[in-house]
2 protein chains.
Amino acid sequence: MKLSESSTENKTPIQLSELETPVLVLDQNTMDRNIGRLQERLAGFNVTLRPHVKTNKSADVAKRIGAPGTPITVSTLKEAEYFLEHGWTDILYAVGIAANKFDHVARLKQRGAEITVILDNVETAVVLAEYCRESNLSLPVLIEIDTDGHRSGVQPDAPLLLEIASRLGKSTEVGGAWLAGVMTHAGASYDCETTAEIEALAEQERAGAVHAAERLRNAGYPAPVVSVGSTPTAHFARSLEGVTEVRAGVYVFFDLVMHGLGVCEQSDIALSVLCTVIGHQKEKGWIITDAGWMAMSRDRGTSKQKVDQGYGVVCDIDGKPIPGLIMLQANQEHGIVGHRDDTSLTPMLPVGTKLRILPNHACATAAQHDSYTVVAGSHTVEAHWPRISGW
Amino acid sequence: MKLSESSTENKTPIQLSELETPVLVLDQNTMDRNIGRLQERLAGFNVTLRPHVKTNKSADVAKRIGAPGTPITVSTLKEAEYFLEHGWTDILYAVGIAANKFDHVARLKQRGAEITVILDNVETAVVLAEYCRESNLSLPVLIEIDTDGHRSGVQPDAPLLLEIASRLGKSTEVGGAWLAGVMTHAGASYDCETTAEIEALAEQERAGAVHAAERLRNAGYPAPVVSVGSTPTAHFARSLEGVTEVRAGVYVFFDLVMHGLGVCEQSDIALSVLCTVIGHQKEKGWIITDAGWMAMSRDRGTSKQKVDQGYGVVCDIDGKPIPGLIMLQANQEHGIVGHRDDTSLTPMLPVGTKLRILPNHACATAAQHDSYTVVAGSHTVEAHWPRISGW
């Protein structure tokens, strides 16, 4: 007993206060709670969760969502490659496929990925079908549906839907590029102002996707997959009738945009950037830190919301928000912190003080870092989890 | 003759049109011209150029500015470490030093870096002096001067300047943390509206730094170094009297913010993001591409300028701007391209078309990528130059 205690003591755990800054901190307790919340919510529906790993880009994080082998969504083929290497095979690449990526998809298939691609136009369907025929590749394809006008996709009612389908095989038995169903992403949910609006948009997302799938089925395509999702709609959908799978990514970490939408509390935000006070401009009520936009990203998602959080909400080293303090401005490696309403009220935190800044947008802030420094509700560093970037 | 020709032919050069997108493209001809322009301009002054490598973070780029051994400026100690490994030793770390970085600085010194640090407050001067005394470290320090109110630094006339100096050694002979001079960065030059304003700010930057240095010299500090600079002021300063070195970083690549300021032409921008048209929303006049904010960054520096360039100016694969086309919106891996004034005028470029997007801010866009795909005025890929990130 004594021996094992002392062997643990030999490895003095590192504390946040000892770290060179800036550093991306992930609280795994908060994260696990967020993961559990969506799992529990979706347990009430007859759907599969296909988490979007574009937010975390980390096998260590993804393992806590679902074991290797569970379905995932990716935003780049590099993510597909990385997660394949770590044991995930059921992968939806959720950005319209371009012809210059066909070879990469084929290589991933050869290496064991059960990859599904998406598209929303006849031109791509034609060249993809030809490519799959020539390379003897069986590749499931979802047609992207535009259910909220925010980006890409085919209108659920458009004749184009059946034109695209006509270029694809009817089912996996036919082989080649075959129509597996539809997918949609109600990204406009990020611009909602009330949870009632999110509920309405979730229904619009569901109804549009299901309607498109029914049109395909009426035309003789089995189209088994109806894939929908965004973090807000996944948390507020009242019905998922006809939906087979739900995608969401940012729910694992949450962020200030999600808080502004009413999807989470600030205390649910699992990510923060640890930084240090390096100076002051006392006359201006400015605190200067060593976390600039390189550490936070340039994302200012809350600037369109009711409460503009600047470049982030400023917390103490325990992750507790300091009343009124936000990151007002950002240079590459400098942050300017001050009181949100009146910088004459800024508390002049001493030089050397460590702060934690909650991000506007978890996907963007995490992308500025190559690893997570993991804590579990305390200052003790439990692990470093690498993450990938690039294409 | 025939043989060597054929052996060259065996290595068929890769063309931009063959690449999987998105990709960060760097035209080295344009870059070399930009490098030459500032070198020529500064040749007329009695100053050293100390380029800021935070923009490029690449030994391959930095080699084209000056051989290993020439002075550089860095924004992180990771840059210092990387450039030291590649032969650069004379390094100014131009962000106010924090106590949690002292050990890292000491390690870099032990490995041969002649590193200089900066600070703007008594608290840091006290702990740094103590650290250097205890570790028997001789470390040159510049006091950061605030010449334009945009960020950190001591006012040129403030009593604080001499208070900070009093905590530092007078010269290298004394050892420890010793006062080597002053530095300033007129970052407000990015907000100027005319080149006349930039000229005036350059003079303000020079005069403030020289005045601070003179106050220190009058107090008995030799303070040999007077370091100033930003890309706009370096290009428009009329006098550099009393200045010993000039820093600039973005001038190597240039970007749309610099173009908006009148510092360069659009044709001087050496960086672009190569992407592919993956779909359309024809009714809206939108072209969808596979370069989103992950490839461009969230930087919208031109949004404050006379001409807002959205997320970037859209060029054809040759790098020639397509009249009226900009990147209007960005999702993580999707860009929305359209006519800047009236999307009914957007030309519906075919699916598969390759485009090159000029960035708002070269530092931010380059930071989203782990290498440069190098061309020299054509479509032929000449090289891949890695770049670093993180801290």
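A quick note: this is a predicted structure, and the numbers were derived from the prediction, not measured.

Cut-offs applied
Residues numbered from 1 in each chain as written. Chains lettered and ligands numbered in written order. Predicted model: local features only at pLDDT ≥ 70, side-chain atom pairs only at ≥ 80, totals over all residues. Axes fitted to C-alpha atoms, helices over the stretch in contact; angles between N-to-C directions. Helix = DSSP H or I, 4+ residues; strand = E, 2+ residues; numbered from the N terminus. Parallel < 35°, antiparallel > 145°, perpendicular 65-115°, else oblique. Contact = placed C-beta atoms within 7 Å. Nonpolar A, V, L, I, M, F, W, Y, C, P; charged D, E, K, R; others polar. Core = buried A, V, L, I, M, F, W, Y, C linked by C-beta atoms within 7 Å. Buried ≥ 20, exposed ≤ 12 C-beta atoms within 10 Å, placed from the backbone. Pairing = 2+ DSSP bridges. Domains from an automatic or database assignment.

Draft legend 1. Summary view of the packing of helix α4 (residues 77–85) of chain A against helix α5 (residues 102–110) of chain A. Residue and element names in this part refer to chain A. The contact between α4 and α5 brings their axes to 11 Å, and the two run at 10°. Between α4 and α5, the angle falls in the class roughly parallel. Contacts between α4 and α5 involve Leu77, Ala80, Glu81 and Leu84 from the first element and His104, Val105 and Leu108 from the second. Considering only residue class, the contact of α4 with α5 consists of 5 nonpolar, 1 polar and 1 charged.

Draft legend 2. Examining the nonpolar core more closely. Core analysis: the largest hydrophobic core is formed by 256 residues, its most contacted members being A:Ile91, A:Tyr93, A:Val141, B:Ile91, B:Tyr93 and B:Val141. Contact partners of B:Tyr93, with chain neighbours within four places excluded, come to B:Val74, B:Leu77, B:Ala80, B:Ile115 and B:Val117.

Draft legend 3. A look at the sheet that holds strand β9 (residues 245–246) of chain A. Residues and elements named next belong to chain A. Strand order across the open sheet formed by 8 strands is β2-β9-β8-β7-β6-β5-β4-β3, with parallel pairing between neighbours. Pairing within the sheet leaves two strands with one partner each, and these edge strands are β2 (48–49) and β3 (72–74). Note that β3 and strand β4 (residues 90–93) share 3 bridges and pair parallel. When the bridges of β4 are listed, Ile72 appears paired with Ile91. With respect to the sheet, α4 is in contact with β3, β4 and β5 (114–119), its orientation differing from that of β4 by roughly 170°. Packed onto the sheet, helix α8 (residues 195–218) meets β6 (139–145), β7 (177–184) and β8 (225–228) and runs at close to 155° relative to β7.

Draft legend 4. How the structure looks around the domain arrangement of chain A. All names here are of chain A. Partitioning chain A into structural domains gives domain 1 (31–252) and domain 2 (266–386). Computed from C-alpha coordinates alone, the two centres of domain 1 and domain 2 are separated by 34 Å. Tallying the contact residues gives 10 residues for domain 1 and 8 residues for domain 2. Listed by contribution, the elements that provide at least two residues to the side of domain 1 that touches domain 2 are α2 (28–43) and α3 (59–65). Along the lines of polarity and charge, the residues of the side of domain 1 that touches domain 2 split into 3 nonpolar, 5 polar and 2 charged.

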